[in-house]
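Close look at the chain arrangement
Residues per chain, in single letters:
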Amino acid sequence: MPLFNLTDLRAALPRHYRLIGLDPGEKTVGIALSDVSLMLASPYGSLKRGKLAAMAAEIKVIAAKEGVGGLVVGLPLGLDGSFGPAAQAARDWARSLSDASGLPAALWDERLSSAAVNRMMVGEADLSRGKRAASVDKAAAAWMLQAALDATKG
């Protein structure tokens, strides 16, 4: 399945369907969900990074349970906006996940989302390193998805 432009994905989404935001990391994938009005992203959970088929099956279960019609996958561009090996890997993973799950997908720049969330958790919430590690993946996914929703709202 080809990757979509996020504006086109939003426009093609059936009414009252959500988007799922995925922040793929080396060990875990953070998950966030939009609301049905596509205005607000909320942290949802995380999955251990594993075989694509197993991850796609878990994401399909979440999608069916939560009324999800599309995926927004974080794209780790370089700080200067360059498209490096990590971005290529994320694009390939998003395309494969879209094919395996049957859900259309779009990419969104997620530069520094984890760093921003970590700063917020240290500065504002004063969470310990252990508690931050448990929360940062899903919070970073929500941060990225919220930025995507804000930038593409009609």
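Please refer to the structure placed before this passage.
Residues numbered from 1 in each chain as written. Predicted model: local features only at pLDDT ≥ 70, side-chain atom pairs only at ≥ 80, totals over all residues. Heavy atoms only, no water.

**Re the overall build of the protein**
When helices and strands are counted, the protein shows 5 helices and 5 strands. Written out in order from the N terminus, the α and β elements of the protein read α-β-β-β-α-β-α-β-α-α. Counting every position in the protein, which comprises 154 residues, the buried fraction comes to 42%. Counting contacts in the protein only where the partners sit at least 6 residues apart, residues at least 24 apart contribute 66% of the total. Here the protein has roughly 8,000 Å² of accessible surface; of this, 56% comes from carbon and sulfur atoms. (Helix = DSSP H or I, 4+ residues; strand = E, 2+ residues; numbered from the N terminus. Buried < 20%, exposed > 50% of the residue type's maximum accessible area, 1.4 Å probe, protein only. Contact = heavy atoms within 4.5 Å. Areas by Shrake-Rupley, 256 points an atom, 1.4 Å probe, with all protein chains shown as cover.)

**Observations regarding the sheet that holds strand S3 (residues 41-48)**
Spatially, the 5 strands line up as an open sheet ordered S3-S2-S1-S4-S5, and their pairing is mixed. Strands with a single pairing partner mark the edges of an open sheet, and in this sheet they are S3 and strand S5 (105-109). Strand-to-strand twist in this sheet, taken as the mean axis angle between neighbours without regard to direction, amounts to 30°. Lying on the sheet, helix H2 (residues 52-66) is in contact with strand S1 (18-24), strand S2 (28-34), S3 and strand S4 (68-75); it crosses S3 at an angle near 150°. Where helix H3 (residues 85-101) meets the sheet, its contacts fall on S1, S2, S4 and S5, and the angle it forms with S4 comes to roughly 165°. (Pairing = 2+ DSSP bridges. Axes fitted to C-alpha atoms, helices over the stretch in contact; angles between N-to-C directions.)

**Description of the side chain of Arg10**
Turning to its location among the elements, Arg10 is positioned in helix H1 (residues 6-12). Nearest to the buried, unbridged Arg10 among oppositely charged side chains is Asp150, at 7.1 Å. Excluding anything up to four places from it in sequence, Arg10 contacts Leu19, Ser37, Leu38, Leu149, Thr152 and Lys153. (Lys, Arg positive; Asp, Glu negative; His and termini not counted. Salt bridge = Lys/Arg side-chain N within 4 Å of Asp/Glu carboxyl O.)

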